[in-house]
Amino acid sequence: MALSLYGPVTQLTGVGPKLQASLKKLKIHRVIDILFHLPMRYQNKAVITPIADLKAEQEAVVEGIIRHAHLRAGRQKVLTVTLDDNFTALNLVFFHFSDAQAKAFTSGKKIRAFGQIKPGLHGWQMMHPEYELGPTPLAANTHATLTAIYPSTAGITQKQWHDLQTQALDLLKLSGDTQRFTDADKRSNAETLLDTLHFIHQPDIQADVISLQQRQHPFIEDLAFEELLAHQLSLLHLRHHKQIYKAAPLQIDLQQQQQFIQQLGFELTQAQQRVLDEIFSDFKKPQPMLRLIQGDVGSGKTVVAALAALAAISSGFQVAILAPTEILAEQHLLSFQQWFKPLNISVDWLVSRHKKQHKDAVLNQLKQRNKDSLKLLIGTHAIFQDDVAFNKLGLVIIDEQHRFGVHQRLALRDKGLHIDDNIHNTGPLSYTAPHQLVMTATPIPRTLAMCAYADLDCSVIDELPAGRKTIQTVVMEQHRRAEVVERILTLCQQGQQVYWVNTLIHESENMDCQSAAETAAFLQQALPQLNIGLVHGQLNSEQKTATMQAFSSGKLDVLVATTVIEVGVNIPNATLMVIENPERLGLAQLHQLRGRVGRGHQQSFCLLLYQKPLTDNGKARLKVLRESSDGFVIAEKDLQLRGPGELLGSQQSGITRFKVADLQLHGHLLEAVDKTAHALMQDSQKNQVLIEMLSQRWIEAADDYVQA
Ligand code: ADP
Ligand code: MG
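Residues numbered from 1 in each chain as written. Chains lettered and ligands numbered in written order. Predicted model: local features only at pLDDT ≥ 70, side-chain atom pairs only at ≥ 80, totals over all residues. Heavy atoms only, no water.

A. Summary view of the pairing of strand β2 (residues 59-72). Taken together, the seven bridges between β2 and strand β5 (residues 110-120) define a ladder with antiparallel strand orientation. Bridged to Ala-60 within β5 is Gly-115. As defined by bridge partners, β2 adjoins strand β3 (residues 78-85) across seven bridges and the pair is classed as antiparallel. What sits directly across from Ala-69, in β3, is Val-81. Between β2 and β3, which pair antiparallel in sequence order, lie five residues; one of them, Gly-74, sits at a positive phi of approximately 125 degrees. (Pairing = 2+ DSSP bridges. Helix = DSSP H or I, 4+ residues; strand = E, 2+ residues; numbered from the N terminus.)

B. How the structure looks around the packing of helix α9 (residues 270-283) against helix α10 (residues 301-314). Contact pair α9 / α10: the axes reach a minimum separation of 10 Å and the direction vectors enclose 30 degrees. What the angle tells us is that α9 and α10 run roughly parallel. When you trace α9 past α10, the crossing you get is right-handed. Between α9, through Gln-272, Val-275, Leu-276, Ile-279, Phe-280 and Phe-283, and α10, the contact on the second element is made entirely by Val-303, Val-304, Leu-307, Ala-308 and Ala-311. Among the residues forming the contact of α9 with α10, the class breakdown is ten nonpolar, one polar and no charged. (Axes fitted to C-alpha atoms, helices over the stretch in contact; angles between N-to-C directions. Parallel < 35°, antiparallel > 145°, perpendicular 65-115°, else oblique. Left-handed = near helix turned anticlockwise from the far one by under 90°. Contact = heavy atoms within 4.5 Å. Nonpolar A, V, L, I, M, F, W, Y, C, P; charged D, E, K, R; others polar.)

C. Inspection of the sheet that holds strand β23 (residues 605-610) at higher detail. Pairing is parallel across the open sheet formed by six strands, whose spatial order is β18-β23-β22-β19-β21-β20. On the outer flanks of this sheet lie β18 (472-477) and β20 (532-535), each paired with one strand and no other. Ignoring strand direction, the axes of neighbouring strands in this sheet form an average angle of 20 degrees. Direction of pairing for strand β19 (residues 497-502) relative to strand β22 (residues 574-580): parallel, over a ladder of six bridges. Note on β22: the bridge partner recorded for Val-498 is Leu-576. Contacts from helix α15 (residues 481-493) reach β18, β19, β21 (558-561), β22 and β23 within the one sheet, and its direction differs from that of β22 by about 165 degrees. The strands that helix α18 (residues 587-594) touches are β18, β19, β22 and β23; relative to β22, the one it contacts most, it runs at about 150 degrees.

D. Examining the side chain of Arg-697 more closely. Position of Arg-697 relative to the elements: it lies in helix α25 (residues 688-698). Given a relative accessible area of 0%, Arg-697 falls into the buried group. Those residues in contact with Arg-697 that lie beyond four places of it in its chain are Tyr-6, Arg-30, Ile-32, Phe-36, Asp-177, Thr-178, Gln-179, Arg-180, Leu-193 and Glu-226. (Buried < 20%, exposed > 50% of the residue type's maximum accessible area, 1.4 Å probe, protein only.)

E. Examining the nonpolar core more closely. With 60 residues, the main nonpolar core has Leu-23, Ile-200, Leu-223, Leu-229 and Leu-694 as its most contacted residues. For this core, the elements supplying multiple residues, two or more each, are α1 (17-25), α2 (31-35), α4 (158-175), α5 (193-201), α7 (218-242), α24 (670-682) and α25. Counting residues per element, this core draws most heavily on α7, which supplies ten residues. Residues Phe-260, Leu-264, Ala-305 and Phe-317 belong to the second largest nonpolar core, which totals 45 residues. (Core = buried A, V, L, I, M, F, W, Y, C linked by side-chain atoms within 4.5 Å.)

F. Structural view of the environment of Ala-271. The topology assignment puts Ala-271 in helix α9. Judged by relative accessible area, Ala-271 falls into the buried class, the value being 1%. For Ala-271, the residues in contact, after removing those within four places along its chain, are Ile-461, Asp-462 and Glu-463.

G. How the structure looks around the site of ligand 1. Near ligand 1 lie 16 residues; those nearest to it are Glu-267, Gly-298, Lys-301, Thr-302 and Arg-468. Residue Thr-302 places a side-chain N or O atom 2.6 Å away from an oxygen atom belonging to ligand 1. The separation between an oxygen atom of ligand 1 and a polar side-chain atom of Asn-570 is 2.7 Å. Surface burial for ligand 1 is 85%, taken as the share of its 570 Å² of free accessible area covered by protein chains. Taken together, the residues of the shell around ligand 1 sort by class into four nonpolar, seven polar and five charged. (Near = heavy atom within 4 Å. Polar contact = N/O pair within 3.5 Å; in protein donor to acceptor, adjacent residues only side chain to side chain. Areas by Shrake-Rupley, 256 points an atom, 1.4 Å probe, with all protein chains shown as cover.)

H. Summary view of α18. By the criterion of burial, α18 is predominantly enclosed, with six of the eight residues buried. Along α18, the residues classified as buried are Leu-587, Leu-590, His-591, Gln-592, Leu-593 and Arg-594.

I. Representation of the packing of aromatic side chains within the structure. Summed over all chains, the structure comprises twelve aromatic pairs. Judged by centre distance (4.3 Å) and plane angle (20 degrees), the rings of Phe-199 and Phe-219 are stacked. Here Phe-199, found in helix α5, pairs with Phe-219, found in helix α7; they are 20 residues apart in sequence, far enough to count as distant. The same class applies to Phe-199 as to Phe-219, namely buried. Measuring from centroid to centroid gives 5.4 Å for Phe-336 and Trp-339, while their planes differ by 75 degrees, and the two rings are edge-to-face. Placement of both Phe-336 and Trp-339 in helix α11 (residues 326-340) is noted, with a separation of three residues, approximately one turn of the helix. Pair check on accessibility: Phe-336 and Trp-339 agree, each one buried. (Phe/Tyr/Trp six-rings, centres within 6.5 Å; stacked < 30°, edge-to-face > 60°.)

Laid out in structure tokens, this is it:
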């Protein structure tokens, strides 16, 4: 079979199973992936530096005549070879060498050596340099280009990298598959992908090494642009794909909506109303909605979801709500039961701890075709199971969507695919799909949102309900625990409640739970008059729920927890959040935790009890939290302080790690990428070849996208 750029690395000479395994660790599977593994720095082996001009620590090539070689015998043999050029001497020092090697260093021979310059006892020296011995004169210098040094992993030497890159470049040239794509304001004058990659892997000696190393060279920006474009196109493709399904338009019963709002006891905020209108206008279309609601913690996403669910149910459909934890699922169960009972709408839930009897009853009710069928099912991952089948699923709501992957979302949607009775041909057009509403309280910066959520329409609830007071955040050192304990007592005596989150991230979950248990014991001892509860990951879900309920109903004054309580829990009477070792968590997670308080009318506080010493970055992060309570601002800062890699786990967004692009360095390209991608999709038929080429080149799991 002919060699292929897109085939496995084992096609190359010298790549066996062992090297293949090492490459795999760097996510390099195909030959083309090798080419996108860029150098981290370059060495200049092309210029010979006079010994008199050398500087300490510099990497340089020197050339001179060997004057003598000295072998020190003993347990640790040392070979010192002294050479000079124009009477300035330099020593080459070897600890490991063969006899033949040692013998070859005869005086009067010409030598060229490359290595790092160190000051030694007798002038400059190089330890274990690369070298060439020659007849006089040595052949002309063969390194006409800079030498790339690659980030590596155990089992791959630099020499192997050079060999792999050379072979891969040859294959690229042979394949002729070197068309390069860019937009009108292209960043470099490279003609082809081959030019670009050739330059990056083997730059000529005048190249701007600094900007190459910093990945800001026009050639690298070109590559990054192409990669981002490939991803953007695949997301748009997803979106395009979803439009081939039909959806049943939903009716909005305004009177019923009004009634529902009246029983809430509060008015919707303007932002909630606006987002609701956006959802309703989607509902009227014959295509499935795919909408993301971004809204800060406490902005009231649940009520908006409830009103959307109400519209779907009154139009005769079932609704599924997916939550990431059982605690959250149960909380939703309680809210929705309270809201929907007066309207005679049946609500139930399904989580993995449920016994068969409950599950069977739920499944049975779900399948019913009559009025008695279950209208709203709330659950965790348990509702992905194959045997969970709906009769007429019209809306899927996913809470805290960053906890789920794209594929989970699609799996749930597929439960709602059904053949339209009126159309008899097969193919996607004869299917209707449910509407999808996904919600997240982890806002991500706009630049990232563009590539993480290109397949979704976005709505933002950018307003908190009236009467909320900003949570006051105080950063203090851990040894002031005693003051904190006093404060807890005062608050609880006034009838308020307190969270204490123990964030120690130990090697094992077991140890985390232990340290939370210790904190609980400590607090119980210090505050015998209060009721202290404890939740952590090792409790089973019944125990967790029982404790959460006790806290929610006010039976417990203080709840000590590991980060399991992170998302969505809503207890308005809790006004103090103590977070131990906040320096260990990401800003977004801290912001989420803090958002557990400040949900009622009382002034709330967050105490960040840090452990000294703090790194500069740690200090900067806590400062951001103290100064801002806006999730979007915090997300932007998080991006600056941590980089996008951590912010956008692939789970969160469904996008993979990039090969070349780095959103922190190349974020400025996104706007142009987005524009170009939309332009190409406008005429996707005509551009199909190009779009497929980019996808094949940059996106390995291209099949995943197509199947979506
Ligand atoms: P989140 O967006 O974090 O999921 P929730 O939906 O849990 O927030 O809402 C937080 C709290 O705010 C709940 O107690 C909810 O009833 C209340 N709430 C929601 N909308 C409003 C509003 N417009 N006015 C007053 N309170 C509201
Ligand atoms: Mg919520």
